[in-house]
Amino acid sequence: MQAVSSWGRLRQVPHEVDRPAFLDQVHVGAGAGAAKALCYGMGRSYGDVCLNENGRLIVTDQLDRFLAFDRERGIVRAEAGLTLDHLLRVVVPHGWFVPVTPGTKFVTLGGVVANDVHGKNHEVAGTFGSHVRAIGLARSSGDVITLSNSENSELFAATIGGLGLTGAMLWVELELMPIKSAMIETETLAIGNLQDFFRLAGESGDWPYTVAWVDCLAKGDATGRGLFIRGRHAGSGGLKVHRAPRVGVPLDAPGVLLNAHTIAAFNALYRRRPWVLGRKTVHYDPFFFPLDAIARWNRLYGRRGFFQHQSVVPMASAADTMRKLLELTATFGEGSFLVVLKLFGDKPSPGLLSFPMPGATLALDFPNKGESTHRLLAAMAETVIAAGGRLYPAKDATMSGEAFRAGFPNWRKLEAQRDPAMMSDFWRRVTGEAA
Ligand SMILES: Cc1cc2nc3c(=O)[nH]c(=O)nc-3n(C[C@H](O)[C@H](O)[C@H](O)COP(=O)(O)OP(=O)(O)OC[C@H]3O[C@@H](n4cnc5c(N)ncnc54)[C@H](O)[C@@H]3O)c2cc1C
């Protein structure tokens, strides 16, 4: 047994680890009575969607080869363990980019499909799954099935955003987006409160990428104060790829490093930096992946790890709910370094259980302080569900089965498509006896 954790580092979980080097060595079913299996990409999910305690973990890091790249049409087929980091290194020099990217490039194709991830351009591009043309899926029956909109379409929809439960993805075929340059034109504007955020988000039609960073400790009329950042691909500047991170966190930080005082000081300092405001042109790497500059930054939260809350609520209740969530955070005094606010557009997600819905999404990190953090997360979850929203499984370690089932009424359809030989700690936790 080998201890494995996810990005939040809340638990070290024992697993029987398989590391296949070739696609024909991926075995989902290991025979009658064998432990259930789950795939593990880069473990960048924060909670337990990528964990399977005392079960088998199929780690895909060696399954990272390109299978085909049509440079004229921008269509790439690669093994599911290929990271976006590697993919960008190969495709950017040819004038192609990933159509949807999360806030880190250290994620695998299998991982981003299984969580149907979103990026800063959700309004115009929808989720990652919208750009997937086909998937090769290994099932415990021994079959390898091709999935697409025209072939095994139900299983295709269940696999996109299917939390790794429908089988092991062997390869993914993706449609890329053309770019003229690796540079991004950006503009950063100060926002005084939530109204400013909603106004600017509505006025940014010429900017496909938008996101806001919010000072979670601001209260009253200043709730939602922060920075609004928007971007678009530049027309010139060359097609240079990114570099590897040069700085890393070698050890766990002492638990006291990130506390309400240091977070308040950081927020004040960051907000008052006038030089961050205005227009400039930057490389795609710091624009899309600012946290990737520091390898293993999750260690800054110390040995006890940290939680993330990310939720989405429908537009009708968005302003009111965002205010309530930020007020809850300020009241509990559990400051968050990274508070990200963004709108989701109305492009339908292709997955059965995809997280995005039209509305507003808020993400916050909290150091694990035990009981008080659990209480805050439960209060936030209750607020979100009451507003008709849902929590993001990729970020979650605590949502109740009730909250999950309320947010994802399609869950039984995924359960019906689940490969019987696959299971995760997340699925066990949120479906429990209801499954
Ligand atoms: C700094 C940071 C920023 C982030 N920003 C965003 C963001 O902006 N938007 C967003 O949507 N998410 C974001 N995320 C979350 C991240 O994109 C997802 O958790 C992603 O799924 C992680 O990919 P991974 O390869 O590490 O997969 P893991 O975390 O290892 O696994 C995720 C899921 O994929 C399944 N899986 C992995 N490989 C396969 C396979 N071959 N076959 C079948 N199932 C498989 C696993 O079983 C698991 O259920 C962020 C995470 C971090 C750490």
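Quantities reported herein were computed from a predicted structural model and do not represent experimental measurements. (Residues numbered from 1 in each chain as written. Predicted model: local features only at pLDDT ≥ 70, side-chain atom pairs only at ≥ 80, totals over all residues. Heavy atoms only, no water.)

Chemist: Explain the packing of helix α8 (residues 318-332) against helix α9 (residues 371-386) residue by residue, including any values.
Modeler: Remark: α8 packs on α9, axes separated minimally by 10 Å, with the N-to-C direction vectors making an angle of 165°. Relative to α9, the element α8 is oriented roughly antiparallel. In this structure, α8 meets α9 at a crossing whose hand is right-handed. Together, T321, K324, L325, L328, T329 and F332 of α8 and S372, R375, L376, A379, M380, T383 and V384 of α9 make up the contact between the two elements. Residue classes in the contact of α8 with α9 are distributed as seven nonpolar, four polar and two charged. (Axes fitted to C-alpha atoms, helices over the stretch in contact; angles between N-to-C directions. Helix = DSSP H or I, 4+ residues; strand = E, 2+ residues; numbered from the N terminus. Parallel < 35°, antiparallel > 145°, perpendicular 65-115°, else oblique. Left-handed = near helix turned anticlockwise from the far one by under 90°. Contact = heavy atoms within 4.5 Å. Nonpolar A, V, L, I, M, F, W, Y, C, P; charged D, E, K, R; others polar.)

Chemist: Please set out α9 residue by residue, giving values where relevant.
Modeler: The end-to-end C-alpha distance of α9 is 23 Å, a good match for the 22 Å that 16 residues give at a rise of 1.5 Å each. Those residues of α9 that sit buried are T373, L376, L377, M380, A381, T383 and V384. Taken down its axis, α9 places every buried residue within 160° of arc, on the same side. In α9, those exposed residues whose orientation departs by more than 90 degrees from the buried face are E371, E382 and A386. Those residues of α9 that are buried lie in contact with β18 (306-314), α8, β20 (359-367) and β21 (390-391). One or two steps after α9, the chain reaches G388, where phi turns positive at roughly 80°. (Expected span 1.5 Å × (residues − 1). Buried < 20%, exposed > 50% of the residue type's maximum accessible area, 1.4 Å probe, protein only. Arc of directions from axis to C-beta.)

Chemist: Account for the side chain of N193, naming residues and giving values.
Modeler: Structurally, the position occupied by N193 is in the loop between β12 (183-191) and α5 (194-202). The class of N193 is buried, set by a relative accessible area of 17%. Looking at N193, its side chain comes within polar contact range of the main-chain nitrogen of D196, at 3.1 Å. Ignoring anything within four residues of it in the chain, the contact list for N193 reads D221, A222, T223, G224 and R225. (Polar contact = N/O pair within 3.5 Å; in protein donor to acceptor, adjacent residues only side chain to side chain.)

Chemist: Mind laying out the site of the ligand, listing which residues take part and the relevant values?
Modeler: Contacts to the ligand come from 35 residues, most closely from C39, G41, S45, T108 and Y392. Between the ligand and G43, the relevant distance is 2.9 Å, taken from an oxygen atom to a main-chain nitrogen or oxygen of the residue. Take N115: an N or O atom from its side chain is 2.8 Å from an oxygen atom of the ligand. Taken by itself the ligand offers 970 Å² of open surface, and the protein chains cover 96% of this. For the shell around the ligand, the secondary-structure elements that each account for two or more residues are β3 (37-40), α2 (109-114) and β10 (168-175). (Near = heavy atom within 4 Å. Areas by Shrake-Rupley, 256 points an atom, 1.4 Å probe, with all protein chains shown as cover.)

Chemist: Explain the packing of aromatic side chains residue by residue, including any values.
Modeler: Across all of its chains, the model carries 18 aromatic pairs by this definition. An angle of 45° between the planes, with centres 6.0 Å apart, marks the rings of F288 and F289 as tilted. Residue classification places F288 among the buried residues on the basis of a relative accessible area of 2%. A connected cluster of aromatic rings, assembled from ring pairs, spans F97, Y209, Y284, F287, F288 and F289. A cation over an aromatic ring shows up here: R77 above the ring of W171, its NZ or CZ 3.7 Å from the ring centre. Over the aromatic face of F408 sits the side chain of R390, whose NZ or CZ is 5.0 Å from the ring centroid. (Phe/Tyr/Trp six-rings, centres within 6.5 Å; stacked < 30°, edge-to-face > 60°. Lys NZ or Arg CZ within 6 Å of the ring centre and 35° of its normal.)

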